[in-house]
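Residues per chain are reported as follows:
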Amino acid sequence: MGSFVGSRLCCIVLLFTLCFAADPYVNFELEYSYITVSPLGVPQQVIAVNGKFPGPVLNVTTNYNVVVNVKNKLDENLLVTWPGIQMRRSSWQDGVLGTNCPIPAKWNFTYQFQVKDQIGSFFYSPSLNLQRASGGFGSFIITNRNIISIPFSPPDGDIVIIIGDWYTRDHKALRKDLDAGKQLGMPDGVLINGKGPFRYNTTFVPDAIDYETINVNPGKTYRVRVHNVGVSTCLNFRIQNHNLLLVETEGYYTSQQNYTSVDIHVGQSYTFLVTMDQNASSDYYIVASARFVNQSLWQKVTGVAVLHYSNSKGKAAGPLPDPPNDAFDTSYALNQAMSIRQNVSASGARPNPQGSFHYGQINVTDLYLLKSVPPVVIDGKLRATYNGISFKNPETPIRLADVYHVKGDYKLDFPTKPMNRPPKVDTSVINATYKGFIEVILQNNDTVAQSFHMDGYSFFVVGMGFGEWTENNRGSYNRWDAIFRSTTQVFPGGWTAIMASLDNVGVWNLRVENLDRWYLGQETYMRIINPEDHSNKTELPVPSNALYCGALASKQKAQKTSSATTIFRSSELYLTFMLVFSAVISLLC
C-alpha cells in the first residue's frame with residue numbers, strides 16, 4: 001500500500017513538474033515620471049522611466065509571459081504601446097486609445113501578454129498626445145530560446161542604440177503648436193541614447209554637451225540594435241570605417257548584406273553585426289543624420305556618438321563620414337529599402353525556417369488604398385487624413401464597446417479608396433475579414449517621408465515606387481522573399497504595397513508613426529472578429545484589471561494596490577509552496 005501511495009505521489013510531482021515546464025513569467029515595474037535633463041545644452045523636462053532617460057531595456061525570451069506594471073506619475077493620462085509585439089489574441093494589451101482606456105495620472109495599470117513565437121529588436125513608448133516626443137521610450141528585446149539556433153555566430157556582446165530627432169520644446173508645447181494650426185518646424189537636433197552630439201563641429205555643437213560613448217574591444221563582433229523613436233525625421237545611420245551587416249529587422253531575420261549606411265525611418269528597428277576590425281588610431285564617429293530634407297538647412301539635425309576601442313590612441317576628429325549622395329537620385333533610397341529581403345532558410349522563433357509561406361500565391365480578400373495628403377483644415381482645425389478621414393478616437397475603446405453592447409461608438413465604413421468628397425473627422429474603422437488576406441497600398445501624396453505601422457501583425461513589404469500606384473505596379477511585386485516587418489517607409493510622392501494574413505483576432509491600430517501626423521488624426525483601426533468563436537479560443541476575454549471609460553466609466557473601481565505586485569507575490573508564494581511540496585514528496589518517493 002505504501003509503495004502504491006508513493007508511486008501515486010510521484011506521479012503528482014511529475015504532473016506539477018510538467019506544469020512548471022510551461023512558459024515562464026517575467027515581471028517588470030515601469031514608473032513614468034518627469035526629470036530635468038539638458039541633452040542639447042538647454043534644461044528641459046523629459047519623461048523618464050524608472051528615473052532613466054531613455055528607459056531601461058526589457059529583455060525577455062521567446063514565449064515568455066510578460067507582466068509589466070506601469071505606474072503613471074505624470075500629470076496627465078498615459079498609455080504604453082509595444083510596436084511590433086503582436087499581442088496574439090489580446091488586443092486588450094496593445095496600449096492605444098482605440099483598444100485601451102488611458103491610465104489616469106497617479107494610477108497604475110498592469111499589462112500582461114505573451115511574446116508568442118517572436119524574436120528580435122523592438123521598443124516600447126507612450127502612445128498619447130505626442131508624449132514620445134518627450135521620452136518614455138526604451139528597448140524591448142526578445143531573445144531566442146537556447147534550443148533554437150541563430151543564423152550567425154553568437155556575437156561577443158549586445159549594444160542598444162536609440163536615435164531620434166529632438167525638440168527643446170516639450171510635448172505639451174509641441175501639442176499647442178499643432179492645436180494652433182502651426183507646423184512643428186525643424187527639430188533642434190538628434191539624440192543618441194538620450195544624449196546630444198559629440199562636438200564634431202564647434203559651430204553647430206555648443207561646448208560641454210554630454211554625448212554617448214560606446215566602448216568596444218578590438219577584434220570582437222557586436223550585435224547592434226538600433227531604434228528610431230523620433231518625432232518625424234528619417235535618419236541615416238552609419239559608423240565611421242565600419243560595415244553594418246544587417247541580420248534582423250522588427251522580429252525577422254534578413255538576408256545578410258553589408259551596408260556602409262542605412263536609412264532608418266521613424267518607428268523602425270534594425271539589428272546589425274559590427275566587427276571591430278579597425279586599427280584604432282583614434283575613436284570613430286557614430287552618426288545619425290536627417291534624410292529627405294534640405295541638408296544645408298538641417299545640418300544641426302545630426303546626432304554624433306563615439307565608438308571607443310579599448311586600445312584607442314586618440315579622440316575622433318575630422319569631418320563626419322558622408323551620408324548618401326543621392327539628392328538627385330530618387331532611386332537610391334528606394335533600392336536600398338527593397339534590397340532588404342527575408343532570410344527564408346533561417347529559423348525564427350521556431351525550429352523550422354522562417355520561410356515565405358508562399359504569400360505570393362494567396363488570393364487577396366481585402367484591398368485598401370490608403371492615401372495621405374498634407375494636413376488640411378477641417379472644421380477650423382488642422383487635421384491629417386487617410387482617404388479624406390481624420391480619425392477621432394471613440395469615447396469607449398472599440399472592442400470594449402462590442403463586448404458591452406455600446407451602440408454608436410464607431411462605424412464599420414472606412415472607405416477602401418479615396419472618396420470624391422470633402423475631408424471629415426470621423427470614427428470610421430475597417431471591417432476586415434478574419435483569416436482573410438489583405439493588400440494595402442499606401443499612397444503618400446504628402447510632402448514628407450512617412451512611416452506606416454500596423455499593430456497586431458507583421459506584413460510583407462512587396463513593392464515600392466514613385467508616382468501614383470496603378471494595377472500595373474503589381475507586376476513589380478516581390479512575391480517570394482519580401483521582408484516581413486511591422487513598420488515600413490512610404491516616400492513622399494510615392495507608394496508602398498504590403499500584404500498580411502489576418503489571423504489575429506482583435507482591434508488593431510493602423511497609423512503613421514510620424515507623431516505630428518498621428519496626433520492630427522492620420523490613423524484608423526482594423527476590426528477582426530471570428531464569428532464562430534463563442535469560448536475565447538481565438539480571442540482572450542476582457543482582462544480582469546481592464547480600465548473603463550466613456551460609456552462604461554461607471555464600471556471603473558478605485559485602485560487599491562498594484563496588480564503586478566499582487567501577481568508577483570502570489571506567484572512567489574505559489575512557487576515556494578510547490579518547491580516545499582516537491583521536496584516532501586521526493587522524500588516519500
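As the structure is a computational prediction, the values presented were derived from the model and not from experiment.

A. Quick peek at the state of the cysteines. Applying the stated criterion across every chain yields a total of one disulfide. With its sulfur 2.1 Å from that of its partner, Cys101 forms a disulfide with Cys549. Measuring handedness by torsion sign, the sulfur bridge of Cys101 and Cys549 sits at about -85 degrees and is left-handed. Of this pair, Cys101 sits in the loop between strand S5 (80-81) and strand S6 (108-114) while Cys549 is found in the loop between strand S33 (523-528) and helix H6 (563-588), placing the two residues 448 residues apart along the sequence. Classification of Cys101 by relative accessible area gives buried; the value is 4%.

B. Geometry of the packing of aromatic side chains. Applying the stated criterion to the full structure yields 24 aromatic pairs. Taking 4.9 Å as the distance between ring centres and 85 degrees as the angle between the ring planes, the aromatic pair formed by Phe198 and Tyr211 counts as edge-to-face. Here Tyr211 lies in the loop between strand S10 (189-192) and strand S11 (213-216) and Phe198 lies in the loop between S10 and S11, a separation of 13 residues in the sequence. According to the relative accessible area criterion, Phe198 is buried, its value standing at 9%. Residue classification places Tyr211 among the partly exposed residues on the basis of a relative accessible area of 24%. Put simply, the rings of Trp82, Phe109, Tyr111, Phe113, Tyr124 and Phe140 touch in pairs and so form one group of aromatic residues. A cation over a ring is seen here: Arg291 above Phe292, with NZ or CZ 4.8 Å from the ring centre. Looking at Lys555, its charged tip hangs above the ring of Tyr548, at a distance of 5.4 Å from the centre.

C. Quick peek at the sheet that holds strand S25 (residues 430-431). With respect to topology, five strands assemble into an open sheet ordered S25-S33-S32-S27-S30, the strand pairing being mixed. One side of each edge strand has no neighbouring strand; the edge strands of this open sheet are S25 and strand S30 (487-490). Pairing geometry for strand S27 (residues 450-454) and strand S32 (residues 506-512), over three bridges, is antiparallel. By the bridge assignment, Phe452 is partnered in S32 with Val512.

Definitions and limits used
- Residues numbered from 1 in each chain as written.
- Predicted model: local features only at pLDDT ≥ 70, side-chain atom pairs only at ≥ 80, totals over all residues.
- Heavy atoms only, no water.
- Disulfide = S-S within 2.5 Å.
- Helix = DSSP H or I, 4+ residues; strand = E, 2+ residues; numbered from the N terminus.
- Buried < 20%, exposed > 50% of the residue type's maximum accessible area, 1.4 Å probe, protein only.
- Phe/Tyr/Trp six-rings, centres within 6.5 Å; stacked < 30°, edge-to-face > 60°.
- Lys NZ or Arg CZ within 6 Å of the ring centre and 35° of its normal.
- Pairing = 2+ DSSP bridges.

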